[in-house]
Amino acid sequence: MDSLPPAFQTVDLGVRYRVARHQTVAALDSVNLVVGRGEVVSVVGSSGCGKSTLLNTIAGLQEPWTGRVLVGGQEPSSRLGMFSYLPQRDLLLPWLRSIDNAGLLLEIEGASRSEARARARAMLERFGLERFASYRPERLSGGMRQRVGLIRTFLLDRDVLLDEPFASLDAMTRGELQEWLLGLQAASRRSMLLVTHDLDEAILLSDRLYLMTPRPGRIMEEMVVPLAKPRTLEVTGTPDFAEMKAKMLAILRTSRAPGRAA
Amino acid sequence: MTQATETRTSPANLPAMAEAAPSRDAGDPALMHLDQKEGRGTGRLLLMEAVPGYLPTVWLLVLLILLWYGAVSLFHLPFYILPTPAEVLNALVSRGWNYLPDVATTLQEILAGFGLGLVAAVPLAVLISLSWVVRRAVYPVLIASQMIPIFALAAIVTIMFAYGLLPEIVVTALYSFFPIVVTGADGLMSVDADHVNLLRGAGASRWQIMLRLRLPWSLPAFFSGAKLGIVFAVSGAAIGEWIGGQSGLGYLMRFQDSALDVPGMFATVVVLSLLGVVLFAAVSLLEYMLLPWNRAKRTDLGGLWRAR
């Protein structure tokens, strides 16, 4: 395990945005994070701390201002096409049926329509969604759309990036989908980086997590989640879970104390 | 909406990790009932349901005809200035089936011209959406070209091309092409950036993004342009015929105009209008059938077919 390089990592990653001709503002500042093979890692921070910038940069949609992104220990010439990235919204295409939406990225990758459909159907069936295979997104509920989006993401055999995947869902649907994602992850053993502002979600889903300060986004703490896997939603009621959450809250609170504000 | 009842309740019924979930319709591949659930037969259904929806249209027409009658009798207008609706109807009926050859000619020009306009407009819209340089170069010229009065354009085209249907087809094409380019290019450029990033992040090429995302995304916009274009094509063809035609409804109108047959001219306008409405409806119906995902957003304002 030690000899293999991690799935991907950032090295002193900094991203700045140009706001005026000679003025830039930092979105991320020397971010070092590592995602090991098969590991689920969360980045937790409040809105506007650069979480989406982080994922966009790792995915190769934008370039770092400083620092590097390593994939498998190497710095690739382009990271486009190396990750499977689910942005905040499900982004299903309204003209495609669930089965084709799920298989869309496979087809982009070069699979034939029938091959993509076969694999998408197998996945939909496995998660009890075959009844919805022929539905277009307009006929799906929010939770169902997000499931199709996740299946689309996991059908690619790549490391996964998720940007607040359940933020727009109601609490019950969210819990259900989080559990569902745990199952999906356990079955596929994918390396996964998830950004979220939801502490419960981060603890429930991850092996390890990073706490981030806002403006500029900086990692202030790395924590290992001391909960055994496989997990279900019940774990959120255990003392270990509560203790972990209390620790996180305490750290996040100190970062917000006056005097330490950036 | 009809879909709500079925789907809103179902997520909760689904087991979270449904490895063992029994299939409700076992052995029935999901795709087999794709087309039975929606799409098929809806055109006929809609047509029947649409009839009561057009009562306001009928009332407006009745009102306009009454106003028309009122104006003629109030101002004692002679038939060569404003004929009565009855005189127009009479002219329409007496010509009857003799309109058919002219309708056929005009329809031919409209379809050929509109088709030519469409074939030219789609690639140009794609180029405009792809390239900043093309956009800057072409757009101003394109807009300026629309300022040429169509009568002048028709005259020039008639001189440039030999007689026959070609000049009319070219005028029609030039006239219907503009709205398709503009709305199509707008549609192609309005594609949501997050969707583009989704495909780009997955490694899609520009070409794949165009085929998989931009073109389907902009189809509703192209159809809006096509609906304008087909209406423009009708007047384009008529004007082309008026200027340099040998037959067709526009030519007939010019003939009737010079013969002071004003009721006949009005009757020909009615025929031309009906042709336009039918063609517009045909494009709307095509849109309805080809873009099933877009129906829910549609109102009866955009087309003659109403989404339910």
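Residues numbered from 1 in each chain as written. Chains lettered and ligands numbered in written order. Predicted model: local features only at pLDDT ≥ 70, side-chain atom pairs only at ≥ 80, totals over all residues. Heavy atoms only, no water.

Draft legend 1. Here's a closer look at the overall build of chain A. If you tally the helices and strands in chain A, you get seven helices and nine strands. Taking 2.2 N^0.38 as the reference for a compact globule, 262 residues should give roughly 18 Å; the C-alpha atoms of chain A span a radius of gyration of 19 Å, in line with that estimate. By its C-alpha atoms, chain A is 55 × 50 × 40 Å across when sized along the principal axes. Here chain A, with 262 residues, has 56% of them falling under the buried criterion. For chain A, the exposed surface amounts to about 10900 Å²; the carbon and sulfur share of it is 50%. (Helix = DSSP H or I, 4+ residues; strand = E, 2+ residues; numbered from the N terminus. Rg over C-alpha atoms; globule rule 2.2 N^0.38 Å. Buried < 20%, exposed > 50% of the residue type's maximum accessible area, 1.4 Å probe, protein only. Areas by Shrake-Rupley, 256 points an atom, 1.4 Å probe, with all protein chains shown as cover.)

Draft legend 2. Structural detail: the packing of helix α6 (residues 99-130) of chain B against helix α13 (residues 262-290) of chain B. Residue and element names in this part refer to chain B. In the contact formed by α6 and α13, the axes pass within 11 Å of each other and the chain directions differ by 45°. Taken together, the axes of α6 and α13 are oblique relative to one another. Note that α6 runs across α13; the crossing there is right-handed. Contact residues: Y99, V103, T106, L107, I110 and L111 in α6; G264, A267, T268, V271, L272, L275 and L279 in α13. (Axes fitted to C-alpha atoms, helices over the stretch in contact; angles between N-to-C directions. Parallel < 35°, antiparallel > 145°, perpendicular 65-115°, else oblique. Left-handed = near helix turned anticlockwise from the far one by under 90°. Contact = heavy atoms within 4.5 Å.)

Draft legend 3. Spotlight on a nonpolar patch on the surface. Residues and elements named next belong to chain B. Where nonpolar side chains cluster on the molecular surface, the patch consists of L60, L61, L63, L64, I65, L67 and Y69 and spans about 650 Å² of accessible area. Locating Y69 in the fold gives a position in helix α4 (residues 55-74). Relative accessible area serves as the criterion here: at 36%, Y69 is assigned to the partly exposed category. (Patch = residues over 30% accessible without salt bridge, like charges linked within 9 Å, V, L, I, M, F, W, Y side chains within 5 Å. Salt bridge = Lys/Arg side-chain N within 4 Å of Asp/Glu carboxyl O.)

Draft legend 4. Layout of unusual backbone geometry. All names here are of chain A. The phi angle at D12 is positive, at roughly 50°, despite the residue not being glycine. Its place among the elements puts D12 in strand β1 (residues 8-20). Phi at E164 takes a positive value of approximately 35°, unusual for a residue other than glycine. Mapped onto the fold, E164 is located in the loop between β6 (159-163) and α5 (171-188).

Draft legend 5. Inspection of the pattern of salt bridges at higher detail. All names here are of chain A. On inspection of all chains with the given rule, the structure shows 18 salt bridges over all chains. With a closest N to O distance of 3.0 Å, D90 and R145 form a salt bridge. Of this pair, D90 sits in the loop between β5 (83-86) and α2 (98-109) while R145 sits in helix α4 (residues 142-155), and the two are 55 residues apart along the sequence. For R145, a relative accessible area of 24% puts it in the partly exposed group.

Draft legend 6. Focus on the sheet that holds strand β2 (residues 23-35) of chain A. Residues and elements named next belong to chain A. Sheet architecture is open: three strands sit in the order β2-β1-β4, paired in antiparallel fashion. Single-partner strands in this sheet number two, and they are β2 and β4 (66-71). If you compare each strand with its neighbour and ignore which way they point, the axes differ by 25° on average. Across nine bridges, the pairing between β1 and β2 is antiparallel. From the neighbouring strand, V15 faces β2, where its bridge partner is L28. (Pairing = 2+ DSSP bridges.)

Draft legend 7. Broad picture of the pairing of β6(A). Residues and elements named next belong to chain A. For β6, a buried count of five out of five residues is recorded, marking the element as mostly surrounded by other parts of the structure. The alternating pattern of β6 places D159, L161 and D163 on one face and V160 and L162 on the opposite face, and all of these are buried. Of the pairings in the sheet, the one linking β6 to strand β7 (residues 192-196) comprises four bridges and is parallel in character. If you follow D163 over to β7, its bridge partner there is V195. Once the chain exits β6 it traverses α5 before rejoining the sheet at β7, and the crossover so formed is right-handed. (Right-handed = clockwise from strand over helix to strand, strands pointing away.)

Draft legend 8. Structural detail: the environment of A:Y135. Residues and elements named next belong to chain A. In this fold, Y135 is placed in the loop between α3 (113-126) and α4. Take Y135: its relative accessible area is 2%, and that puts it in the buried class. As for Y135 and S98, which are separated by 37 residues in sequence, their C-alpha atoms are 5.7 Å apart.

Draft legend 9. Structural view of the nonpolar core. With 103 residues, the main nonpolar core has A:L150, A:L181, A:L209 and A:M248 as its most contacted residues. The leading source of residues in this core is helix α11 (residues 206-244) of chain B, at 11 residues. Not counting residues up to four positions away in its chain, the partners in contact with A:L209 are A:S42, A:A202, A:I203, A:E221, A:E222, A:M223, A:V225, A:M244 and A:M248. Listed in part, the 25 residues of the second largest apolar core include A:A7, A:L13, A:F83 and A:M212. (Core = buried A, V, L, I, M, F, W, Y, C linked by side-chain atoms within 4.5 Å.)

Draft legend 10. Examining the packing of aromatic side chains more closely. Following the criterion strictly, the structure yields seven aromatic pairs over all chains and no others. Geometrically, the ring pair formed by B:F79 and B:Y80 is edge-to-face, given 5.6 Å between the ring centres and 80° between the ring planes. The class of B:Y80 is partly exposed, set by a relative accessible area of 45%. Clustering of aromatic rings is evident, with ring pairs tying together A:W95, B:W217 and B:W293. It is A:R147 that lies over the ring of A:W180; its NZ or CZ is 5.6 Å from the centre. (Phe/Tyr/Trp six-rings, centres within 6.5 Å; stacked < 30°, edge-to-face > 60°. Lys NZ or Arg CZ within 6 Å of the ring centre and 35° of its normal.)

Draft legend 11. Quick peek at the confidence of the model for chain B. Residues and elements named next belong to chain B. When the pLDDT values of chain B are averaged, the result is 79; 79% of them are 70 or greater. Predicted confidence in chain B is weakest over helix α1 (residues 4-13), with a mean pLDDT of 39, and strongest over α6, with 93. Note that pLDDT drops below 50 for residues 1-43; the model gives that stretch 59 contacts with residues more than four away or on any other chain. In this model residues 299-308 is a low-confidence stretch, pLDDT under 50, and it forms 28 contacts with partners more than four residues away in sequence or in other chains. Confidence estimates for the predicted assembly give a pTM of 0.77 and an ipTM of 0.84. (pLDDT = per-residue confidence, 0-100.)

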